[in-house]
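Coordinate analysis (summary)
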Amino acid sequence: MPKPGQYIPDSTEGITRVEDLPKPKIIKRSRNYKRRPCPQCGRSAYRLRTVKRTLHDLGDTISGRPRDLLIRYSQHRCIRCNVYFNADMDDLALPKCHYTLHVVAMAMRLVIEDGLPYRAASWHLWRDHRVFVPFATIQNWVEAGEKKS
Ligand SMILES: [Zn+2]
């Protein structure tokens, strides 16, 4: 048992091969619907197909494993407006982002509240939350937020 005040490095420190890192836990989620209202006209639009998307979430710090959400979601087409759209999942992640909103919010807090440089924030996210985010990705998020405000 570790004693109080004893320094124990992260179990993954020194690992150089990606395949030696702990494997992610896969959590399945569904946003798969037969019909969804069209975002333009509000009419019910049928499902065209079902596709998959992987989102990296904050990991499981007890087991030390990353956590990935595997989302099956429907794509729809409104015949009247001829628009294609996806089932809504804005509660999970921004469009085209590979990380959940939880990860983005945590990264922003590390940089803006705690003043961590991007590389340190990237290491912190891996060490304490078991999610690997390249530092350049964190930088993009912070700069996008600065542009908006
Ligand atoms: Zn429509």
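A few points on the structure. In this text the structure is predicted, and so the values were computed from the model without any measurement.

**Some details on the pattern of salt bridges**
Evaluated as defined, the whole model comprises six salt bridges. Of the charged contacts, one joins aspartate 91 and arginine 31 as a salt bridge, the two residues approaching to 2.7 Å between their closest N and O atoms. Highlighted residues: aspartate 91 in the loop between strand E5 (83-86) and helix H1 (101-112) and arginine 31 in strand E1 (residues 25-31), separated in sequence by 60 residues. Ionic pairing is found between arginine 127 and aspartate 128, a salt bridge with its closest N-O pair at 2.8 Å. Judged by its relative accessible area of 29%, aspartate 128 is partly exposed. Among the ionic contacts, a cluster of salt bridges with common partners joins Arg17, Glu19 and Asp20.

Each value, and the rule that gives it
- Residues numbered from 1 in each chain as written.
- Predicted model: local features only at pLDDT ≥ 70, side-chain atom pairs only at ≥ 80, totals over all residues.
- Heavy atoms only, no water.
- Salt bridge = Lys/Arg side-chain N within 4 Å of Asp/Glu carboxyl O.
- Helix = DSSP H or I, 4+ residues; strand = E, 2+ residues; numbered from the N terminus.
- Buried < 20%, exposed > 50% of the residue type's maximum accessible area, 1.4 Å probe, protein only.

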